[in-house]
Amino acid sequence: MTNLSLRPSITALKKANYSNVPSHWVTDWLLYVLQKSASFLITDGDYQLTESEQIQFETGIAQMQSGTPLAYLTGKQAFWSLEFEVNEHTLIPRPDTEVLVERVLGWIDNHVQSDDRNNSSKRLLDLGTGSGCIAISLAHELQILAPNRWQVTAIDYSQPALEVAKRNANLNDVSHIEFKQSDWFSVLKDSEATERPLFDVIVSNPPYIVNNDQHLDKLKAEPLSALVAPDNGLGDIKQIADQARDYLIHGGLLAVEHGYDQGELVRQIFIDFGYDQVETIKDYGGNDRVTWGVYG
Ligand code: GLN
């Protein structure tokens, strides 16, 4: 017979220290296992886990200790004001990336919405959409800012990632978004049947980590193809900045996320390719995170 008194209580679990697992992951994981909201941990500290809850809890802790992020265990991650499904095919949305969403919305509000009285339809492209967090958050806000005006296109090379992104669009009730499988812009090239589309805004959180970066050890559960780029981490950003010039309207905006130490290099890439008003924006932790520029 199981000795009930050995079953851990919530209070005991909260006090325990699990090496390599941030304490908020422990609490969030506990809430997930118990299917309760945060207040339960305060009001019901004496609650003792059932055997199956205890097994699930401990198995998850062991997985996190060996490098699985919490979001892959729960299958979800909050980003912006929305919730996103994630799995091993997608990068886990980072709070730092919200600064890209926020500033691009601000730019659109200042430059597109207020500047343009004819109400023409507008297009936004997200390259390397992954879970879809950037494209879907922007589409969600643009629908409020300017109902039915913006058409959003989200591209990824990975078909399994696109399946996740499509489900995330449905989960968040965002319908004015199309998903395409493509190696960056290649699917958008002119063909005899279709004209090359032009976008008012192009955004991307591309891979930008250097192959031998020690930081990668901590990210081993996430898809390397979404993280690592050649040419000191700048290969994909260069390709995007170069090719985006063929897909932006005159005065259109390109905004890319990059590493905390890449601001100056990315500004130079933008300037070399002829972008104007090139500027780097810091994330909420005070690190260079996004560079943008206007083309034409
Ligand atoms: N910002 C992520 C990290 O450093 C990487 C994201 C990316 O490569 N696009 O953890």
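Predicted model only: the values in this text are computed from it and were never measured.

Q: What should I look at first to understand the overall build of the protein chain in this one?
A: Counting its secondary structure elements, the protein chain contains 10 helices and 9 strands. Of the contacts formed within the protein chain by residues at least 6 apart in sequence, a portion of 69% connects residues at least 24 apart. In the structure as shown, the protein chain presents an accessible area of about 15000 Å², 47% of it carried by carbon and sulfur atoms. Across the protein chain, 23 positive and 41 negative side-chain charges occur, with their mean positions spaced 2 Å apart.

Q: Teacher, can you tell me more about the UniProt feature "domain: Methyltransferase" (unreviewed entry) in the protein chain here?
A: Under the local residue numbering, the UniProt record ascribes the feature "domain: Methyltransferase" (unreviewed entry) to residues 119–267. The span residues 119–267 shows a helical share of 28% and a strand share of 23%, and its end C-alpha atoms are spaced 32 Å apart.

Q: Teacher, can you tell me more about the UniProt feature "binding site: S-adenosyl-L-methionine" (unreviewed entry) in the protein chain here?
A: Mapped onto this numbering, the UniProt entry gives "binding site: S-adenosyl-L-methionine" (unreviewed entry) at Gly128, Thr129, Gly130, Ser131, Gly132, Asp156, Trp184 and Asn205. In this structure, Asp156 sits in strand S4 (residues 150–156). Beyond its immediate sequence surroundings of up to four residues, Asp156 is in contact with Gly128, Thr129, Gly130, Ala161, Leu162, Lys180, Gln181 and Ser182. There is a polar contact of 2.7 Å between the side chain of Asp156 and the backbone nitrogen of Gly130. Position of Asn205 among the secondary structure elements: in the loop between strand S6 (199–204) and helix H9 (235–244). Excluding its chain neighbours within four sequence positions, the residues that come into contact with Asn205 are Leu91, Thr97, Leu127, Gly128, Ile134 and Glu257.

Q: I keep staring at the sheet that holds strand S7 (residues 248–257) and nothing clicks. Help me out?
A: For sheets, the rule is that strands pair by backbone hydrogen bonds, running either parallel or antiparallel. Read across the sheet, 7 strands follow the order S5-S4-S3-S6-S7-S9-S8 without closing on themselves; strand pairing throughout is mixed. Either end of the sheet is taken by a strand with one partner, and the two such strands are strand S5 (177–181) and strand S8 (276–282). The sheet shows a mean angle of 15 degrees between the axes of neighbouring strands, taken without regard to direction. Examined bridge by bridge, S7 and strand S9 (residues 288–295) share 6 bridges and lie antiparallel to one another. The residue of S9 that forms the bridge with Glu257 is Val290.

Q: Where do I start with unusual backbone geometry in this structure?
A: Excluding glycine, most residues fall at negative phi; most peptide bonds, likewise, are trans. The phi dihedral of Gln35 falls on the positive side, at around 55 degrees, and the residue is not glycine. Positionally, Gln35 belongs in the loop between helix H2 (23–34) and helix H3 (39–43). Residue Gln35 is classed as exposed on the basis of its relative accessible area of 60%. Non-glycine residue Trp184 carries a positive phi angle of around 50 degrees. Summarising the element assignment, Trp184 is placed in the loop between S5 and S6.

Q: Explain the layout of surface pockets to me, please; I cannot follow it from the model alone.
A: Space left empty within the atom packing is revealed by a probe, the size of a water molecule, rolled over the atoms. In this structure, the largest pocket spans a volume of roughly 890 Å³. Around the largest pocket sit 30 residues that line it, and Trp25, Pro69, Leu70, Ala71 and Ile92 are the ones nearest its centre. Residue assignment for the lining of the largest pocket shows that the elements contributing at least two residues are H2, helix H4 (51–65), helix H5 (70–74) and strand S1 (76–79). In terms of residues, the lining of the largest pocket owes the most to one element, H2, which gives 5 residues. A class-by-class count of the residues in the lining of the largest pocket yields 13 nonpolar, 9 polar and 8 charged.

Q: What exactly am I supposed to notice about the site of the ligand here?
A: Surveying the vicinity of the ligand reveals the residues Leu91, Arg94, Asn205, Pro206, Pro207, Tyr208, Ile209, His215, Leu219, Ala226, Leu227 and Glu257. Between a nitrogen atom of the ligand and a side-chain N or O atom of Tyr208, the distance comes to 2.7 Å. A distance of 3.1 Å separates an oxygen atom of the ligand from a polar side-chain atom of His215. Within the complex, the protein chains bury 90% of what would otherwise be the 300 Å² of accessible surface of the ligand. Considered class by class, the residues forming the shell around the ligand number 8 nonpolar, 2 polar and 2 charged.

Q: Can you help me understand the nonpolar core in this one?
A: Taken as a class, soluble globular proteins show a tendency for nonpolar side chains to be buried jointly. Grouped together as the largest cluster of nonpolar side chains are 37 residues, with contacts concentrated most on Val104, Ile108, Leu124, Ile177, Val201 and Val203. Examining the composition of this core, we find that 8 residues originate from one element, helix H6 (residues 98–113), more than from any other. In contact with Ile177, not counting residues within four places along its chain, are Ala135, Ile136, Ala139, Gln151, Val152 and Ala169. The next biggest cluster of nonpolar side chains, apart from the first, holds 28 residues, and it includes Leu91, Ile155, Ile240 and Ile269.

Q: Help me understand the pairing of S4, please; the structure alone is not making it clear to me.
A: Here is the key point about a regular strand: its side chains alternate between the two faces of the sheet. Burial within S4 is extensive, with 6 of its 7 residues counted as buried. Bridge analysis of strand S3 (residues 122–127) against S4 gives 6 bridges, and the strand direction is parallel. The residue of S4 that forms the bridge with Lys122 is Trp150. Following the backbone out of S3, through helix H7 (residues 133–145) and into the adjacent parallel S4, one traces a crossover that is right-handed. Relative to S5, S4 runs parallel, the two sharing 5 bridges. By the bridge assignment for S5, Ala154 is matched with Phe179. Note on the crossover from S4 through helix H8 (residues 159–171) to S5: the handedness is right-handed.

Quick notes on the rules
Residues numbered from 1 in each chain as written. Predicted model: local features only at pLDDT ≥ 70, side-chain atom pairs only at ≥ 80, totals over all residues. Heavy atoms only, no water. Helix = DSSP H or I, 4+ residues; strand = E, 2+ residues; numbered from the N terminus. Contact = heavy atoms within 4.5 Å. Areas by Shrake-Rupley, 256 points an atom, 1.4 Å probe, with all protein chains shown as cover. Lys, Arg positive; Asp, Glu negative; His and termini not counted. Charge placed at Lys NZ, Arg CZ, Asp CG, Glu CD. UniProt positions renumbered as here; feature names shortened; annotations may be inferred. Polar contact = N/O pair within 3.5 Å; in protein donor to acceptor, adjacent residues only side chain to side chain. Pairing = 2+ DSSP bridges. Axes fitted to C-alpha atoms, helices over the stretch in contact; angles between N-to-C directions. Buried < 20%, exposed > 50% of the residue type's maximum accessible area, 1.4 Å probe, protein only. 1 Å grid on protein atoms, 1.4 Å probe; cavity = no way out; pocket = protein on both sides within 12 Å on 5 of 7 lines; lining within 4 Å. Points joined across faces, edges and corners; volume = space filled by probe spheres on them. Nonpolar A, V, L, I, M, F, W, Y, C, P; charged D, E, K, R; others polar. Near = heavy atom within 4 Å. Core = buried A, V, L, I, M, F, W, Y, C linked by side-chain atoms within 4.5 Å. Right-handed = clockwise from strand over helix to strand, strands pointing away.

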